[in-house]
Amino acid sequence: MSRLLLSRRRFLQGSAGAASGLILAGCDQFDFLGQQNHPARNFVEQANVLTYRAQRRLVGEQTLAREYAASEIRQGQKPNGSTQPTTHEYKALQEGNFADYRLQVTGMVEQPLSFSLNELRNMPARSQITRHDCVEGWSCIAKWTGTPLGPILDAARVHPDARFCVYHCFDNIERGLSGDVFYYESSDLVDAHHPQSILAYGLNDQVLPVSNGAPVRLRIERALGYKQPKYLHTIELVADLQSFGRGNGGYWEDYGYDWYGGI
Ligand SMILES: Nc1nc2c(c(=O)[nH]1)N[C@H]1C(S)=C(S)[C@@H](COP(=O)(O)O)O[C@H]1N2
Ligand SMILES: [Mo]
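Residues numbered from 1 in each chain as written. Chains lettered and ligands numbered in written order. Predicted model: local features only at pLDDT ≥ 70, side-chain atom pairs only at ≥ 80, totals over all residues. Heavy atoms only, no water.

**As for the packing of aromatic side chains**
The condition is simple: Classification of ring pairs rests on two measures: the distance between centres of Phe, Tyr or Trp rings, Trp counted by its six-membered ring, which must be within 6.5 Å, and the angle between planes, read as stacked under 30 degrees, edge-to-face over 60 and tilted in between. The helix and strand labels rest on DSSP assignments: H or I over at least four residues marks a helix, E over at least two residues marks a strand, and numbering proceeds from the N terminus. When a residue's accessible area, from a 1.4 Å probe over protein chains only, is under 20% of the maximum for its type it is buried; when over 50% it is exposed; and in between it is partly exposed. Consider the ring centre and the ring normal. A charge sits over the ring if Lys NZ or Arg CZ is within 6 Å of that centre and within 35 degrees of that normal.
All chains considered together, the criterion is met by 11 aromatic pairs. Here the aromatic rings of Y183 and Y251 are separated by 5.5 Å at their centres, their planes lie at 35 degrees, and the arrangement is tilted. One end of the pair, Y183, is in strand β6 (residues 179-188); the other, Y251, is in the segment after β10 (232-238), with 68 residues separating them in the sequence. With a centroid separation of 5.1 Å and an interplanar angle of 75 degrees, the aromatic rings of Y251 and W252 are classed as edge-to-face. Note on W252: relative accessible area 26%, which makes it partly exposed. What links up through ring pairs into an aromatic cluster is the set Y183, Y226, Y251, W252, Y255 and Y257. Above the face of the Y255 ring, R246 is positioned so that its terminal group lies 5.0 Å from the ring centre.

And the structure:
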């Protein structure tokens, strides 16, 4: 039995390595992943499941991401992806300095909640200096300040059948004839309750700039850059991810990126 477990673990480790190597290879190589039944896509999807299980097993549920010293912050956080949402809704909020912003907690909760930016700023705060790793091949060490997500979910009383948080964003990252496509992300409830998962409104001791996701962006510190949704407006508790986007749990996941995206 123990030998069986060991060899299974080795297998999982090997698969996790292979999968993240593939993911780190860059965006351009993922074009084929738009095709639903391409063999490579199926391989990546199987690898995603293995990566998730292997990481959960090897990393443990609440292990902290490494935190750094202030002296290790060498430059500002490089803005990437959307840097200025263009919808009327967002621009109106931005012009009002986000005084009318509300963060909504909806879906499979007993108590839907909504918070203004001031309410979030007055909740227990946590700061952490962490390294953000983008799959495009750069990283930045930055100090993030915000309020932990876990207690907010507890206050909303998550339904026992809920399994994921879907994070809805203001930015229309694609604008096409068939309508806007908005950035979204998701995590399981373990990552949502992780002590370093914060709704960040501060960056390097300043108000979070628009280019980095103002007024609020989520930090999930053990995950890659695309799992850090900016311009967050709604956290929806759900039992499955199929009805969002193309059903893979996130904007970039819909183009073939790993859903768990652990580092
Ligand atoms: N809403 C939204 N969130 C997003 C993105 C985006 O385009 N829109 N890009 C993602 C990617 S790929 C990265 S690397 C980081 C970039 O965050 P930054 O601009 O603060 O560096 O945000 C992630 N979250
Ligand atoms: Mo990224």
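Structure shown, so let's carry the discussion forward.
**Things to note about the site of ligand 1**
Where we set the bar: Only heavy atoms are used to decide nearness, and a residue is near a molecule or strand if one of them lies within 4 Å of it. Pairing of N or O atoms within 3.5 Å defines a polar contact, subject to two protein rules: one partner must be a possible hydrogen donor and the other a possible acceptor, and residues neighboring in sequence count only if both atoms are side-chain atoms. Per-residue accessibility takes into account occlusion by the displayed protein chains alone, with areas from the Shrake-Rupley method and a 1.4 Å probe.
Every one of the 22 residues lining ligand 1 counts as a neighbour, but Q77, K78, N80, D171 and K230 are closest to it. One nitrogen or oxygen atom from the main chain of K78 is found 2.5 Å from an oxygen atom belonging to ligand 1. In the complex, the protein chains occlude 98% of the 530 Å² of accessible area that ligand 1 would expose alone. If you list the elements that add at least two residues to the shell around ligand 1, you get β3 (126-134) and β5 (164-176).

Worth remembering: the numbers are spatial, not functional.
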